[in-house]
Amino acid sequence: MVTRPPTTRECVVGRGADGRIALREQAEDGITLRSHEVDPQDWPQRAREIEDAVGPRWVLPDAATWCPALLDAGVVLARCHDLRLAHRILARSVLVRDARALREASAWETPEETAAQDPQRGTALFELDAAGRTGGVPQQIAEVLAEHARQQEAVAQSAEPSRLRLLLAAESAGALVAAEMHAAGIPWDVAEHDRLLTESLGPRPRRDQVPARMAEVGAAVRAALEDPILSLDSPPRVLRALRRGGIDVSSTSQWELAEHDHPAIPPLLEYKKMARLLTANGWHWLDQWVHEGRYRPVYVPGGVVTGRWASSGGGALQIPRRLRPALRADPGWRLVSADVSQLEPRVLAAMSGDRAMAAAGAGQDLYSGIVEAGIVATRQEAKVGVLGALYGGTTGDSARVVPRLRERFPRAMRLVDDAAAEGERGGIVSTWLGRSSPPPEEAWSTAQRSSNLPDAGQAEQERARRSARDRGRFTRNFVVQGTAAEWALSWMAALRLALAGFPAVPESEAATPSGPAFAPRAHLAYFLHDEVIVHAPASQAEAAAAAVREAADGAGRLLFPGSPVDFPLDLQITERQAEK
DNA sequence: TACGACGGCGCG
DNA sequence: AAAGCGCGCCGTCGTA
């Protein structure tokens, strides 16, 4: 029997005395092996040494605070535990049997998301607020260690330690990915973007002027409505003008406008499209968010209650499809773009163990599979029905199709129906790995209770029932959307590690500094719920594509061992994104 | 003048 | 076409 000396598994990071950075290297069982402090200017180098020598799990107060400076110095951490994100999950997961200690550590209860980040701002490691905290969470090493201990205890005593560990690892990997993607940026072709804008709107006008084509189209609307000074940017005024012109609409939304036949309608719809493009992704956006050929949005991991990412500034999750051609690889590089087909219904099939639903999607388009199984007549019906099942559709086609799905996919439908019922009762639901939905607000519960009292009026009862159904639709979707987010995080986490193992390509292939810490190798560049884009040297594109596929298979096996559900990808290697 | 609500629309 | 879920961002408008 050989006893090996304990090896470092974790390195806890915080602030020490006199502005120094404190490190605690710990063994598997939490025993401290080494405790030291470094000066801030030595920190990236020391982190690199520890990373290379040990490859620990880095326990960080908040990866969003710590990673930028490390990445600036070219240091990439392979694994971390983000205490801020983990706290949010554990403090309200129903799998945690006793979350009191966590909830009492109120300094870790931070707002849902960070403020929009000024893209010009530097990445100073520490900007202390009045309470001596950075990024809203405590940084002092003693408090960092205390929180880490609370979290480990909470997980160990939970009903499902292994699931929660997976969730926290995935969430933390996501935090690293977000920091790295922000540092790397998305390769963006400014000239192509400008060309698309000019094509649609006319050439870039002088400051605050309306682009020429847009002005023409606006003039056509005013002429058709015989209102020469009408402001088209004010829905109420446009609505009044439309009604004066004899067009009976109740709003100015495009789908309602599209139903009417009037000479003002086509130019108005076109104007609205143009205005949207100009204000959301026009030249001003380009100036603000794209620098040196890179678009750097601010991702907010865990920013949505379901666990999806949000974004803050730059509109990372809303890039219009028509601008996709501006996404272009560097010369000699490629974009490896992949999205998962019907991620949410597949996740539902897997988590519910619904074999019929798994079979419908096996190796093919899930909606077509539903048609082939004779459940509905058309792919469109299948899609509307499935979306209705996931979102709680009660009208039109989905109301007609959902009962048929309930008959043929009873286990899948029971899972979402149960989640809805739980939500309507005011209960809490959880994702596959244990992220729990927020409890109802106090006002909601009060309204539900009072509507049950004998003297409650008809209107009050109806209002309460409607808000119960609203909440039911939220919890119905929460379990699926949240589990899909977990699948996507697992996918990215595996992919990230695989790409980090790619060799750096020779200098000649590295046209522009690229990738995490600007190593010239394939790296993640974009993520959107069920889609990733890898920016890869041409020589690594095929290998990156294989890694994307393997990571997707791996995510399925990790979350749903033994499940027959597959997660097929639509994958393309291109120099420029297609418009789609 | 500042700010939140809201309409509208982009994304999954 | 939207519907049924989750977002962010822009501009307007009413109110403080």
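Bear in mind the structure is a predicted one, so any value in this text is a computation, not a measurement. (Residues numbered from 1 in each chain as written. Chains lettered and ligands numbered in written order. Predicted model: local features only at pLDDT ≥ 70, side-chain atom pairs only at ≥ 80, totals over all residues. Heavy atoms only, no water.)

(A) Representation of the protein's contact with DNA strand B within the structure. The immediate surroundings of DNA strand B are formed by 18 residues, with Thr252, Lys272, Arg276, Arg321 and Asp530 found nearest. The sugar-phosphate share of atoms of DNA strand B within 4 Å of the protein amounts to 75%. Gln254 is positioned such that a nitrogen or oxygen atom in its side chain is 3.0 Å from a phosphate oxygen of DNA strand B. At a separation of 2.7 Å, a sugar or linking oxygen of DNA strand B approaches a polar side-chain atom of Asp530. Contributions of two or more residues to the surface near DNA strand B are made by helix H10 (254-257) and helix H11 (265-281). Here the surface near DNA strand B gets three residues from one element, more than from any other, and that element is H11. Residue composition of the surface near DNA strand B, by class: five nonpolar, seven polar and six charged. (Near = heavy atom within 4 Å. Polar contact = N/O pair within 3.5 Å; in protein donor to acceptor, adjacent residues only side chain to side chain. Helix = DSSP H or I, 4+ residues; strand = E, 2+ residues; numbered from the N terminus. Nonpolar A, V, L, I, M, F, W, Y, C, P; charged D, E, K, R; others polar.)

(B) Structural context of the packing of helix H2 (residues 63-72) against helix H6 (residues 161-184). Look at H2 against H6: their axes get within 9 Å of each other, and the N-to-C directions meet at 45°. Taken together, the axes of H2 and H6 lie oblique to each other. Crossing handedness for the pair H2 and H6: right-handed. Side by side, H2 and H6 meet where Ala63, Cys67 and Leu71 of the first sit next to Ala175, Leu176, Ala179, Glu180 and Ala183 of the second. Counted by class, the contact of H2 with H6 contains seven nonpolar, no polar and one charged residues. (Axes fitted to C-alpha atoms, helices over the stretch in contact; angles between N-to-C directions. Parallel < 35°, antiparallel > 145°, perpendicular 65-115°, else oblique. Left-handed = near helix turned anticlockwise from the far one by under 90°. Contact = heavy atoms within 4.5 Å.)

(C) Highlighting the pairing of strand S4 (residues 57-60). Bridging between strand S1 (residues 10-15) and S4 involves three bridges; their strand directions are parallel. The residue bridging Cys11 from the neighbouring strand is Trp58, located in S4. Of the strand pairs in this sheet, S4 and strand S5 (residues 79-82) are connected by four bridges, and their pairing is parallel. The residue bridging Val59 from the neighbouring strand is His81, located in S5. (Pairing = 2+ DSSP bridges.)

(D) Seen up close, the protein's contact with DNA strand C. With respect to spatial proximity, 27 residues lie near DNA strand C, and among them Ser234, Gly313, Gln318, Arg473 and Phe474 are the closest. A share of 75% is what sugar and phosphate atoms reach among the atoms of DNA strand C within 4 Å of the protein. At 3.4 Å from a base nitrogen of DNA strand C is found a side-chain nitrogen or oxygen belonging to Arg276. Residue Gln318 places a side-chain N or O atom 2.8 Å away from a sugar or linking oxygen belonging to DNA strand C. Secondary structure elements with two or more residues in the surface near DNA strand C: H11, strand S10 (310-311), helix H16 (379-391) and helix H20 (458-500). If you tally residues by element for the surface near DNA strand C, the top one is H20, at four residues. Considering only residue class, the surface near DNA strand C consists of eight nonpolar, 13 polar and six charged.

(E) Examining the packing of aromatic side chains more closely. This model, assessed by the stated rule, comprises twelve aromatic pairs. Geometrically, the ring pair formed by Trp43 and Trp66 is edge-to-face, given 5.8 Å between the ring centres and 90° between the ring planes. Of this pair, Trp43 sits in helix H1 (residues 43-53) while Trp66 sits in helix H2, and the two are 23 residues apart along the sequence. You'll find Trp43 and Trp66 in the same group, each marked buried. Through successive ring pairs, a cluster of aromatic residues spans Trp432, Trp487, Trp491, Phe560 and Phe567. One cation-aromatic arrangement involves Arg163 over Trp432; the distance from NZ or CZ to the ring centre is 4.1 Å. (Phe/Tyr/Trp six-rings, centres within 6.5 Å; stacked < 30°, edge-to-face > 60°. Buried < 20%, exposed > 50% of the residue type's maximum accessible area, 1.4 Å probe, protein only. Lys NZ or Arg CZ within 6 Å of the ring centre and 35° of its normal.)

(F) Region of the structure containing the pattern of salt bridges. Considering all chains together, one arrives at 32 salt bridges under this definition. As a salt-bridge pair, Arg576 and Asp189 come within 3.6 Å of each other at their nearest N and O atoms. With Arg576 in the segment after strand S14 (569-574) and Asp189 in the loop between strand S6 (186-187) and helix H7 (190-201), the pair connects residues that are 387 residues apart, well separated along the chain. Asp566 is the partner of Arg346 in a salt bridge, and the nearest nitrogen-oxygen pair spans 3.1 Å. You can see Arg346 sitting in helix H13 (residues 343-352) and its partner Asp566 sitting in the loop between helix H21 (541-559) and S14, a full 220 residues away along the chain. A relative accessible area of 2% places Arg346 in the buried class. The exposure class assigned to Asp566 is partly exposed, which follows from its relative accessible area of 26%. Here the residues in one salt-bridge network are Arg20, Glu37 and Asp39, joined through shared partners. (Salt bridge = Lys/Arg side-chain N within 4 Å of Asp/Glu carboxyl O.)

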